[in-house]
Amino acid sequence: MDIVIPTKENIAQAAALLSEGHLIGMPTETVYGLAADASNDMAVARIYEVKNRPSFNPLILHVSSIEQARIYAHLDERAETLAAHFWPGPLTMVLPLKANAGISKLLTAGLETIAIRCPAHPVALDLIEALHRPLAAPSANPSTRISPTKAEHVFHGFQGLMEPQMILDGGTCVVGLESTVLDLTTDQPVILRPGCFAQQDFAPFFDVETANDAAAIKAPGMLTKHYSPRHILRMNAKEVGEGEVLLAFGSQPLDGAKTVYNLSPEGDLTEAAANLFAMLHEIDQITCRGIAVMPIPETGVGIAINDRLTRAAAQ
Ligand code: TXA
Ligand code: MG
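Because the structure is predicted, anything quoted here is derived from the model rather than measured.

So, the site of ligand 1
Near ligand 1 you find 27 residues, and of these T30, H62, T113, S179 and R193 are the closest. Between ligand 1 and N57, the relevant distance is 3.3 Å, taken from an oxygen atom to a side-chain nitrogen or oxygen of the residue. In the environment of ligand 1, an oxygen atom lies 2.6 Å from a nitrogen or oxygen atom belonging to the side chain of H62. Elements that contribute at least two residues to the shell around ligand 1 include exactly β4 (60-62), β6 (113-117) and β10 (190-193). For the shell around ligand 1, the leading source of residues is β6, giving three residues. When the residues that make up the shell around ligand 1 are grouped by side-chain class, the tally is 14 nonpolar, eight polar and five charged.

And the structure:
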C-alpha cells in the first residue's frame, strides 16, 4: 500500500487497479473514501471485508456528473433541483434505484433505493472519469474507527492489509465531516445524516425534516456507536478533569488541561468541522485519561459536529 501523488499517470493506474477489482484510497472534500468499482460484486464485497463493516449497511455511489447519476437512479424534480444547486458537493441523496442499472446489490444492501453523490474533489472526479464508471466509497477507516481526513490516516487504518492497493494523496479534506444524507424517496424529505448542509440550506427549495430514531434505523450507518476514539470522550465539559485532554472550541478554552486541541480558536464551526477528525486521530496517539469536549453550538454544521461527537462518546 503506497501513498502517491495524484498525477495523471497515477490516476490512470488507480483506475486500472479498480477495474481489476482492487480498492483505492480516494480523497474527497468530506473525508477519504475506500473506493471500489460499484459494478463489481467482488470489489464491493472487499470493501465490507477490509472495513469489517456490517453487511446490512448500504454504501454511497459516487458519480462524476448529474447525467451519470440519472443512469442509476430516478431523479424527480426535487432531486434535479438539489443536484443542480449542490453538486459537485457534500450532499448525498437517497433516490429510487433504477432496476438492472448494473450496480452491485451489495452496494445497496438489496434495497430498492440508492444513495448517490457527486464529490467536489478533482482527484475523485478524475478517477471516476478514468474508470468510466461510478465508485462505491464509504469512509476509508476500519468500521467504528474515526473517519480519515488525510492520506496518512488511511494508511495507518489499514496498515499491514493488502487493500487499498494505492492511496491517492489529495491533501487534507476541506469539509472534514461525511456528507449530509437526504432521503428523497418519500413525500417529506428527511435528513438521515447531518453534515455540512443543514435544514436551513434546503429551505429556499422546500422543507426538510431531520431524522428521528425511526429514520435512523433506515440509515443503518447511523448506529449510535460509530466513531470511537481510543479514549473516553465526554461532551459539554464545564471543567477539565485530572489527566484529561481538552478539545476546546472558541477563544476561551477551559483552564486546567495540560494538553489542549482547539477545534477553532475563532469559534468558526466550519473550521471546527474540518479539524474534528484530524484532532481525534492525533489524540488517539497520546496517553490520557479521557477527552473533555467544550460545548459546540447546535446550529448549522455544529449539528453534524455534535452528532459525530455523541457517537464518539457512546461506549
Ligand atoms: O462524505 C461521505 O459521504 C463519505 C465520502 C467518502 O464520500 N462517504 C461515506 O460513506 O460516508 P458511508 O458508506 O460511510 O456512509 C453511507 C451512509 C450511511 O449512513 C448509510 O446508512 C447511508 O449512507 N445510506 C446508503 N444507502 C442508503 C439507502 N439506500 N437508504 C438510506 N441510507 C443509505
Ligand atoms: Mg463512515
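That covers the picture; the talk isn't over yet.
What about the pattern of salt bridges?
Counting across every chain of the model gives twelve salt bridges. A salt bridge links E29 to R117; the nearest nitrogen and oxygen atoms lie 2.9 Å apart. Placement of the pair is E29 in the loop between β2 (24-26) and β3 (33-37) and R117 in strand β6, with a sequence separation of 88 residues. By relative accessible area, E29 is classed as buried at 4%. Taking the relative accessible area as the measure of exposure, R117 reaches 2% and is therefore buried. Linking E163 and R46 is a salt bridge whose minimum nitrogen-to-oxygen distance equals 3.7 Å. On the criterion of sequence distance, the pair formed by E163 in the loop between α7 (151-158) and β8 (166-168) and R46 in helix α2 (residues 41-51) is long-range, its members being 117 residues apart.

Notes on unusual backbone geometry
Cis geometry marks the peptide bond from W87 to P88; its omega dihedral reads -10 degrees. Note that P88 resides in the loop between α4 (77-86) and β5 (91-96). Going from E163 to P164, the amide bond is cis rather than trans, its omega being -5 degrees. The residue P164 is located in the loop between α7 and β8 in this model. Positive phi outside glycine occurs at N236, with the angle close to 50 degrees. Turning to its location among the elements, N236 is positioned in the loop between β12 (233-234) and β13 (244-248). Among the residues examined, N236 registers a relative accessible area of 43% and is labelled partly exposed.

Description of the environment of E266
Mapped onto the elements, E266 comes out in the loop between β14 (260-262) and α10 (269-284). In this structure the C-alpha to C-alpha distance between E266 and I167, which are 99 residues apart in sequence, comes to 33 Å.

Let's talk about α2
Every buried residue of α2 is listed here: A43, V44, I47, Y48, V50 and K51. Looking at the packing, one finds that the buried side of α2 touches β3, α5 (105-108), β7 (135-136) and α7. The backbone nitrogen of M42 has a side-chain oxygen 3.0 Å away, supplied by the residue at the start of α2, namely N40. Phi turns positive, to about 65 degrees, at N52, one or two residues after α2.

Rules behind the numbers
- Residues numbered from 1 in each chain as written.
- Chains lettered and ligands numbered in written order.
- Predicted model: local features only at pLDDT ≥ 70, side-chain atom pairs only at ≥ 80, totals over all residues.
- Heavy atoms only, no water.
- Near = heavy atom within 4 Å.
- Polar contact = N/O pair within 3.5 Å; in protein donor to acceptor, adjacent residues only side chain to side chain.
- Helix = DSSP H or I, 4+ residues; strand = E, 2+ residues; numbered from the N terminus.
- Nonpolar A, V, L, I, M, F, W, Y, C, P; charged D, E, K, R; others polar.
- Salt bridge = Lys/Arg side-chain N within 4 Å of Asp/Glu carboxyl O.
- Buried < 20%, exposed > 50% of the residue type's maximum accessible area, 1.4 Å probe, protein only.
- Contact = heavy atoms within 4.5 Å.

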